[in-house]
Amino acid sequence: MEIWINPACSKCRSAVRLLDTEGADYTVRRYLEDVPSEDEIRDVLRRLGLEPWDITRTRETAAEELGLREWPRDAGARDRWIKALAEHPKLIQRPIITADDGTAVVARTDEAVRDALSR
């Protein structure tokens, strides 16, 4: 399993603590330094069963500068959203855990982390 984190994020630190407490075998990806490609973002979205706007932090400065809140949220705009996430990784909701069964979760709660552990 892999967890995408920003070490400055309290939700990320909490998720890592819980993974450690549970003795999970996982890899940490500091996604602001090791930026996911557009293809990796597409893969994570597929695993999450979500669209790019579902994992976008629309209150970030970059989101406001790009005017993301006004962007269409439809199939025609999907690639534009994914490109924005790849170019501005701070916009990606965190933490994201990719589970061993091929799924993923946005692990902002202890329950979501435990869900990933159970897969």
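Above this note sits the structure.
Keep in mind that what you see is a predicted model, and the values were worked out from it rather than measured.

## Topic: the environment of Ile82
Okay, step 1: Its place among the elements puts Ile82 in helix α4 (residues 78–87).
Okay, step 2: Look at Ile82 and you get buried, because its relative accessible area is 0%.
Okay, step 3: Expressed as a C-alpha distance, the spacing of Ile82 and Lys11, which sit 71 residues apart in the sequence, is 23 Å.
Okay, step 4: Apart from the residues lying within four places of it in its own chain, the contact partners of Ile82 are Glu38, Ile41, Arg42, Leu45 and Pro52.

## A word on the packing of helix α1 (residues 10–21) against helix α5 (residues 110–117)
Helix-helix packing: each pair is described by the crossing angle between the helix axes and the interaxial distance.
Okay, step 1: Where α1 contacts α5, the two axes come as close as 10 Å, and the packing angle between them is 45°. Between α1 and α5, the angle falls in the class oblique. Judged by the sense of rotation from one axis to the other, the crossing of α1 with α5 is right-handed. Every residue of α5 that contacts α1 at Ser14, Ala15, Leu18 and Leu19 is listed here: Asp110, Val113, Arg114 and Leu117.
Okay, step 2: Taken together, the residues of the contact of α1 with α5 sort by class into five nonpolar, one polar and two charged.

## Considerations on the packing of aromatic side chains
Okay, step 1: Under the definition given, this model contains three aromatic pairs.
Okay, step 2: Ring plane angle 70° and centroid distance 5.8 Å describe the contact between Trp53 and Trp81, whose orientation is recorded as edge-to-face. Of the two residues, Trp53 sits in the loop between α2 (38–48) and α3 (61–66) while Trp81 sits in helix α4, which places them 28 residues apart along the sequence.
Okay, step 3: Look at Trp81 and you get buried, because its relative accessible area is 1%.
Okay, step 4: Taken together, Trp53, Trp71 and Trp81 form an aromatic cluster joined through their ring pairs.
Okay, step 5: The ring of Trp71 has Arg80 lying over it, and the distance from NZ or CZ to the ring centre is 3.8 Å.

Calculation notes
- Residues numbered from 1 in each chain as written.
- Predicted model: local features only at pLDDT ≥ 70, side-chain atom pairs only at ≥ 80, totals over all residues.
- Heavy atoms only, no water.
- Helix = DSSP H or I, 4+ residues; strand = E, 2+ residues; numbered from the N terminus.
- Buried < 20%, exposed > 50% of the residue type's maximum accessible area, 1.4 Å probe, protein only.
- Contact = heavy atoms within 4.5 Å.
- Axes fitted to C-alpha atoms, helices over the stretch in contact; angles between N-to-C directions.
- Parallel < 35°, antiparallel > 145°, perpendicular 65-115°, else oblique.
- Left-handed = near helix turned anticlockwise from the far one by under 90°.
- Nonpolar A, V, L, I, M, F, W, Y, C, P; charged D, E, K, R; others polar.
- Phe/Tyr/Trp six-rings, centres within 6.5 Å; stacked < 30°, edge-to-face > 60°.
- Lys NZ or Arg CZ within 6 Å of the ring centre and 35° of its normal.

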